[in-house]
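Residue strings, one per chain:
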Amino acid sequence: QLVESGGGLVQSGGSLRLSCTTSGLSFSNYNMGWFRQAPGKQRELVAAITSGGSTNYADSVKGRFTISRDNAKNTVYLQMNSLKLEDTAVYYCAAKWGSDEYRHWGQGTQVTVSS
């Protein structure tokens, strides 16, 4: 089970930190990702972190978002700074084993950026 939290309403230029706490997984062995889906758009991968701690980001969020993980807490985070209107979306965390597909998903948390 993956449970996201930390979403909300924030003004443009503001910050939010999303958290995703997992249970029932050997968290430290899983690669984790944050996805988002805006209305009328396809879901996109925003950031990912491997079990070893390597990270990658979508070009649209590089330099603004940071993904991290705390294996002791079975939690992955997404620190979002300098938020823009176009960051408005439902954000989902997901887990995958190795090179497999993301098969474990959270329910999503809404992030709304206002002007």
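Above this text is the structure in question.
Described in the following lines is the structure provided in the data block. (Residues numbered from 1 in each chain as written. Predicted model: local features only at pLDDT ≥ 70, side-chain atom pairs only at ≥ 80, totals over all residues. Heavy atoms only, no water.)

## Remarks on the packing of aromatic side chains
- All told, the structure shown has 4 aromatic pairs when counted by the stated rule.
- Pairing Phe35 with Trp105 gives two aromatic rings, centres 4.8 Å apart and planes at 55°, and the pair type is tilted. Within this pair, whereas Phe35 is found in strand E4 (residues 31-37), its partner Trp105 is found in strand E10 (residues 104-105), the two being separated by 70 residues in sequence.
- According to the relative accessible area criterion, Phe35 is buried, its value standing at 10%.
- Trp105 sits in the partly exposed class, given a relative accessible area of 28%.
- Site record: aromatic cluster; members linked through ring pairs are Phe35, Tyr102 and Trp105. (Phe/Tyr/Trp six-rings, centres within 6.5 Å; stacked < 30°, edge-to-face > 60°. Helix = DSSP H or I, 4+ residues; strand = E, 2+ residues; numbered from the N terminus. Buried < 20%, exposed > 50% of the residue type's maximum accessible area, 1.4 Å probe, protein only.)

## Section: the environment of Met80
- Secondary-structure assignment places Met80 in strand E8 (residues 75-80).
- Overall, the relative accessible area of 0% leaves Met80 in the buried class.
- It is 5.2 Å that separates the C-alpha atoms of Met80 and Leu16, two residues lying 64 residues apart in sequence.
- With sequence-adjacent residues up to four places away left out, Met80 is seen in contact with Gly14, Ser15, Leu16, Leu18, Arg64, Phe65, Tyr91 and Val111. (Contact = heavy atoms within 4.5 Å.)

## Digging into the side chain of Thr75
- Structurally, Thr75 can be placed in strand E8.
- In terms of polar contacts, Thr75 uses its side chain to reach the side chain of Thr21, at 3.2 Å.
- Apart from the residues lying within four places of it in its own chain, the contact partners of Thr75 are Ser19, Cys20, Thr21, Phe27, Ser68, Arg69 and Asp70. (Polar contact = N/O pair within 3.5 Å; in protein donor to acceptor, adjacent residues only side chain to side chain.)

## A few points about the pairing of E4
- Most of E4 is tucked away, with 6 of its 7 residues classed as buried.
- Here 7 bridges tie E4 to strand E9 (residues 89-96), and the two strands are oriented antiparallel to one another. In the strand pairing of E9, Gly33 is matched with Ala94.
- Connecting the antiparallel pair E4 and strand E5 (residues 44-49) is a turn made up of 6 residues, with Gly40 showing a positive phi of about 75°. (Pairing = 2+ DSSP bridges.)

## Re the side chain of Glu4
- By the element assignment, Glu4 lies in strand E1 (residues 2-5).
- Despite being buried, Glu4 has no salt bridge partner; Arg43 is the closest side chain of opposite charge, sitting 9.1 Å away.
- In this structure the side chain of Glu4 is engaged in a polar contact, spanning 2.9 Å, whose partner is the backbone nitrogen of Cys93.
- Looking at Glu4, its side chain comes within polar contact range of the main-chain nitrogen of Gly108, at 2.9 Å.
- Residues within four places of Glu4 in sequence aside, it is in contact with Ser19, Cys20, Trp34, Tyr91, Tyr92, Cys93, Gly106, Gln107, Gly108 and Thr109. (Lys, Arg positive; Asp, Glu negative; His and termini not counted. Salt bridge = Lys/Arg side-chain N within 4 Å of Asp/Glu carboxyl O.)

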